[in-house]
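Below, each chain spelled out in residue letters.
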Amino acid sequence: MQTAPLDFRLATRADEALLIALMRDFYAEDKIEFDDARVRRGVDALLADPRNGEVLLWLDEAGQVVGYAVLAMGFSLEQGGHFVLLDELYLGPSARGRGRGKQALATCEQRARGRGVGRMRLEVNRHNELARRLYLATGYIDDTRDLLTLPLDHPRSEGIL
């Protein structure tokens, strides 16, 4: 199998509608709730300030956008300070295979190193075994933890402190 080229460009504010359309596709495929207002707030903050991270738009051989990745900056004492969270990685169906997933990960790692961090983290849904195998095969470590989320923008249920 010959590796197919995968290039990228950084997203700008002019790409917001395109990015959100790609996100809708990814969220539907990966069974993630798509909250339009929340997504738009996040995209706006990310594209407004490079200190928050960056969005890579994946390009095929013809220069057409076929997916995206979001590298978000995080901070953790356990991680030794700043780290990059590979928040989202999506290649559309026509762009999959032929080594593009590995290329995308390698590019993300290079971009993270360029930000001067020593760690890159990601999350993967349990039902996405194909992606999980790719991440483990490329050196990611399953630290056997669960990610828990508390929505602070919703009132708590009765009986909860």
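Structure first, text after, so check above.
Note that the structure is predicted; figures quoted are calculated from it, not measured.

A.B. asks: Could you give an account of the overall build of the protein chain, naming the residues involved and the relevant values?
C.D. replies: Helices and strands together make up the secondary structure of the protein chain, namely 4 helices and 5 strands. Going from N to C terminus, the protein chain has its helices and strands arranged as β-α-α-β-β-β-α-β-α. Taking 161 residues into account, the globule formula puts the C-alpha radius of gyration at 15 Å, and the protein chain, at 16 Å, falls close to it. When the backbone C-alpha atoms are referred to their principal axes, the protein chain occupies close to 60 × 35 × 30 Å. Expressed as a percentage of the 161 residues in the protein chain, the buried residues total 33%. Long-range pairs, those at least 24 residues apart, make up 58% of the contacts in the protein chain with a sequence separation of at least 6.

A.B. asks: Explain the nonpolar core to me, and be specific about the residues and the numbers.
C.D. replies: In this structure, Trp58, Ala69, Leu71, Leu86, Leu89, Cys108 and Met120 are the most contacted members of the largest nonpolar core, which totals 20 residues. If sequence neighbours within four positions are ignored, Met120 has contacts with Leu71, Val84, Leu86, Cys108, Glu109, Ala112 and Tyr140.

A.B. asks: Quick one: what's the story with the side chain of Ser76, residue by residue and with numbers?
C.D. replies: Tracing the backbone through its elements, the reader meets Ser76 in strand S3 (residues 65–76). Taking relative accessible area as the criterion, Ser76 reaches 16% and is therefore assigned buried. A distance of 3.2 Å separates the side chain of Ser76 from the backbone nitrogen of Glu78, its partner in a polar contact. When near neighbours in sequence (up to four residues on either side) are disregarded, Ser76 contacts Gly81 and Phe83.

A.B. asks: I'd like a rundown of the environment of Ala106, residues and numbers included.
C.D. replies: The residue Ala106 is located in helix H3 (residues 100–114) in this model. Taking the relative accessible area as the measure of exposure, Ala106 reaches 42% and is therefore partly exposed. C-alpha separation for the pair Ala106 and Thr138, spaced 32 residues apart in sequence, amounts to 8.9 Å.

A.B. asks: Summarise the packing of aromatic side chains; cite the residues concerned and give the values.
C.D. replies: Under the criterion given, the structure shown has 7 aromatic pairs. A centroid spacing of 5.8 Å and a plane angle of 75° characterise the contact between Phe26 and Tyr27, whose relative ring orientation is edge-to-face. Across the pair, Tyr27 and Phe26 agree in class, each one buried. Ring centres 5.5 Å apart and planes at 45° place the aromatic pair Phe26 and Tyr90 in the tilted group. Of this pair, Phe26 sits in helix H1 (residues 16–29) while Tyr90 sits in strand S4 (residues 81–91); the two residues are 64 residues apart in sequence, bridging distant segments of the chain.

A.B. asks: Go over helix H2 (residues 36–48) with me, naming the residues and quoting the values.
C.D. replies: Taking 1.5 Å of rise per residue, 13 residues should cover 18 Å, and H2 covers 18 Å from first to last C-alpha, within 8% of that figure. All of the buried residues along H2 are Val39, Val43, Leu46 and Leu47. Down the axis of H2, the sector holding all buried residues measures 90°, keeping them to one side. Contact partners of the buried residues in H2: H1, strand S2 (53–59) and S3. Of the residues flanking the start of H2, the one acting as N-cap is Asp35, its side-chain oxygen 3.2 Å from the backbone nitrogen of Ala37.

What counts as what
- Residues numbered from 1 in each chain as written.
- Predicted model: local features only at pLDDT ≥ 70, side-chain atom pairs only at ≥ 80, totals over all residues.
- Heavy atoms only, no water.
- Helix = DSSP H or I, 4+ residues; strand = E, 2+ residues; numbered from the N terminus.
- Rg over C-alpha atoms; globule rule 2.2 N^0.38 Å.
- Buried < 20%, exposed > 50% of the residue type's maximum accessible area, 1.4 Å probe, protein only.
- Contact = heavy atoms within 4.5 Å.
- Core = buried A, V, L, I, M, F, W, Y, C linked by side-chain atoms within 4.5 Å.
- Polar contact = N/O pair within 3.5 Å; in protein donor to acceptor, adjacent residues only side chain to side chain.
- Phe/Tyr/Trp six-rings, centres within 6.5 Å; stacked < 30°, edge-to-face > 60°.
- Expected span 1.5 Å × (residues − 1).
- Arc of directions from axis to C-beta.

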